[in-house]
Amino acid sequence: MVASLYIKTDLENVTDLAPTDDCEWYFKDIYEISGSRGSASLVMRCKFCKREGTAQFEPSFKIKKYNIEQNGKFQQIAQFDCRGLELVDFQPRDSWLAKGAESDTVFNDIDLSEGEWAEYDEKSGEPVGIIPFHERDYWESRFKKEKHFEWLLTWKDIQSEVETYLNKSENILHLGCGNSELPFDMSDAGYKRIVNIDYAETVIRRMKAVTQEKQKDYSGLSWYTGDCLNNLISFLPHENYTTVIDKSLVDTIACSDDNLQSNTKKFADQVLQVTTVNAVWISISFSNERIYNTSPSSTFYWKTEKKIPIEVHQENDKPGAPAIYYYIYINKKVQK
Ligand SMILES: C[S@@+](CC[C@H](N)C(=O)[O-])C[C@H]1O[C@@H](n2cnc3c(N)ncnc32)[C@H](O)[C@@H]1O
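Below you will find a few notes about this structure. (Residues numbered from 1 in each chain as written. Predicted model: local features only at pLDDT ≥ 70, side-chain atom pairs only at ≥ 80, totals over all residues.)

1. Quick look at the overall build of the chain
Test applied: Counting from the N terminus, the helices are the DSSP runs of H or I reaching at least four residues and the strands are the DSSP runs of E reaching at least two. Around each residue's C-beta, the other C-beta atoms within 10 Å are counted; 20 or more make the residue buried, 12 or fewer make it exposed, and counts in between make it partly exposed. All C-beta atoms are placed from the backbone. Contacts are defined on C-beta atoms placed from the backbone: any two residues whose C-beta positions lie within 7 Å are in contact.
Each helix and strand in the chain was counted, giving six helices and 19 strands. Counting all 336 residues of the chain, 30% fall into the buried class. In the chain, 67% of the contacts between residues at least 6 apart in sequence involve partners at least 24 apart.

2. Quick notes on the nonpolar core
Applicable threshold: Linking buried Ala, Val, Leu, Ile, Met, Phe, Trp, Tyr and Cys residues through C-beta atoms within 7 Å yields a set, and such a set is a nonpolar core.
In terms of nonpolar packing, the biggest core is built from 44 residues, with Val244 and Trp281 touching the most fellow members. Top contributing element to this core by residue count: strand β17 (residues 275–285), with five residues. For Val244, the contacting residues outside a window of four places in its chain are Leu173, Leu175, Val271, Thr275, Ala279 and Trp281. Core analysis: the next-biggest nonpolar cluster, separate from the first, contains 10 residues, Leu11, Leu17, Tyr66 and Ala98 among them.

3. Topic: the site of the ligand
Using the following cut-off: Being near a molecule or strand means, for a residue, that its C-beta atom, positioned from the backbone, comes within 6 Å of it. Any residue that is not Ala, Val, Leu, Ile, Met, Phe, Trp, Tyr, Cys, Pro, Asp, Glu, Lys or Arg is counted as polar, Gly included; the first ten are nonpolar and the last four charged.
Around the ligand, the structure places 20 residues, and the nearest of them are Trp151, Gly176, Gly178, Ser180 and Lys247. No other element matches the three residues that helix α5 (residues 249–254) contributes to the shell around the ligand. Here the residues of the shell around the ligand sort into 11 nonpolar, five polar and four charged.

4. Examining the sheet that holds strand β9 (residues 96–100)
Threshold: For two strands to pair, DSSP has to find at least two bridges joining them. Interaxial angles span 0 to 180 degrees and are taken between N-to-C directions of axes, which are lines fitted to C-alpha atoms, for helices over the stretch in contact.
Read across the open sheet, the three strands follow the order β3-β9-β10; overall the sheet is antiparallel. Lying at the two open borders of the sheet, with one neighbouring strand each, are β3 (14–19) and β10 (106–110). Looking at each pair of strands side by side, their axes are set apart by 20 degrees on average, direction ignored. Pairing geometry for β9 and β10, over three bridges, is antiparallel. Note that in β10 the partner of Trp96 across the bridge is Ile110.

5. Points about helix α6 (residues 262–273)
For an α-helix the count is 3.6 residues per turn, leaving residues at separations of three or four pointing the same way. Threshold: Residue count minus one, scaled by 1.5 Å, sets the expected span of a helix. Throughout, the arc means that of the directions going from the helix axis to the C-beta atoms.
Over its 12 residues, α6 extends 17 Å from the first C-alpha to the last, a length consistent with the 16 Å expected when each residue adds 1.5 Å. Of all the residues in α6, the buried ones are Thr264, Phe267, Ala268, Val271 and Leu272. Each buried residue of α6 sits inside an arc of 145 degrees when the element is viewed along its axis, so together they form one side. Those residues of α6 that are buried are in contact with β16 (241–247), α5, β17, β18 (300–312) and β19 (324–335).

6. Structural notes on the packing of helix α1 (residues 136–145) against helix α4 (residues 201–213)
The geometry of α1 relative to α4 is characterised by a closest axis approach of 7 Å and an angle of 35 degrees between their N-to-C directions. Seen from α1, the contacting residues are Glu140, Phe143 and Lys144; seen from α4, they are Thr202, Val203 and Arg206.

7. Description of the sheet that holds strand β11 (residues 117–121)
One open sheet holds the three strands; their spatial order is β2-β12-β11, and the pairing between them is antiparallel. The strands lining the two open edges of the sheet, one partner per strand, are β2 (11–12) and β11.

8. A few points about the pairing of β17
The buried fraction of β17 amounts to eight of the 11 residues, a majority that puts the element mostly inside the structure. Sheet analysis places β16 next to β17, joined by six bridges and oriented parallel. Paired with Thr243 across the bridge in β17 is Val280.

9. Section: unusual backbone geometry
Excluding glycine, residues mostly carry a negative phi; peptide bonds, for their part, are mostly trans. The backbone of Ser248 shows a phi angle near 70 degrees, a positive value even though the residue is not glycine. Of note, Ser248 is situated in the loop between β16 and α5. In this model, Asn278 sits at a positive phi of 70 degrees, which is unusual for a non-glycine residue. Looking at the secondary structure, you find Asn278 in strand β17. Residue class for Asn278 comes out exposed when judged on the 11 C-beta atoms lying within 10 Å of it.

10. Points about the environment of Pro132
In this fold, Pro132 is placed in the loop between β12 (126–130) and α1. The class for Pro132 is partly exposed, based on 19 C-beta atoms found within 10 Å. Distance in space between the C-alpha atoms of Pro132 and Thr9 is 4.6 Å, their sequence separation being 123 residues. Residues in contact with Pro132, not counting those within four places in the same chain, are Lys8, Thr9, Asp10, Gly115 and Tyr138.

Here it is as structure tokens:
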């Protein structure tokens, strides 16, 4: 039987991800296939029937590279000829390489054992990485280890730009909250009623506990598990929000987009369903090209009224490093 190995991930500013020549291949329970590509083979004997099984690289198959153009989609990497056994649950480890998408930098010591990798491309001046952002499992396992991580910008970075769009007496809907401090900081600034949503159960459980543990009164913050792409309205405690905020959820969702940006559209449609006319959606993104299109059949759409660039400084910035900007999009729900 021929077994094809497909992988799916999100490449950031790198492309042509492939195993190195001396890469070792691991499948479930670490059934090791050792040696080089041409001769790699695995022989196993069944404990019960004593029959032997083998797996070998298909000699006619040339290892393929994972390409940034097909980001977030399954792409075939390798092919094996299996006899008497099945290969399940591939585990990438070290010995991968990729090249800069905007430069000719070659990264040849990529270790994917933790399921992710990040670096900085000096030539293009861009962060580079391989992180499966669009997979819920990725977030669940990340939140099992990670207590706090603030994506892109903090409340302090955005406060002066967004406060004109916020109302202290209204419920604010915060989507893809992760383990950000944003809701606590906003509550401290007087925005007490914030409904926080994330599809990773682990993080919602944790944020509920964190809220209890804090020494201040955060009883106006509520936490719910739910998928923002799928019937968002069904798990919200209220309907008709006047203000929605997402910080880098739109980026995560865009990672799984096709050429028609179907998932970003689906997301924008879902947010339409839970908001009032003239509602404001504050969406924070690393991209200066976000588009909040909705489906043609809907009566309302998101009009991007403002795109506010915020300059950020990275810890390891060298003198003369190019400035990096993140963007606050102010979208208003208006009738077509
Ligand atoms: C890049 S992180 C941003 C976290 C947080 N907003 C921050 O700024 O630190 C994206 C978050 O969105 C969540 N997420 C991704 N897709 C989601 C979806 N379809 N529905 C709900 N949450 C989602 C992830 O679990 C993760 O917590």
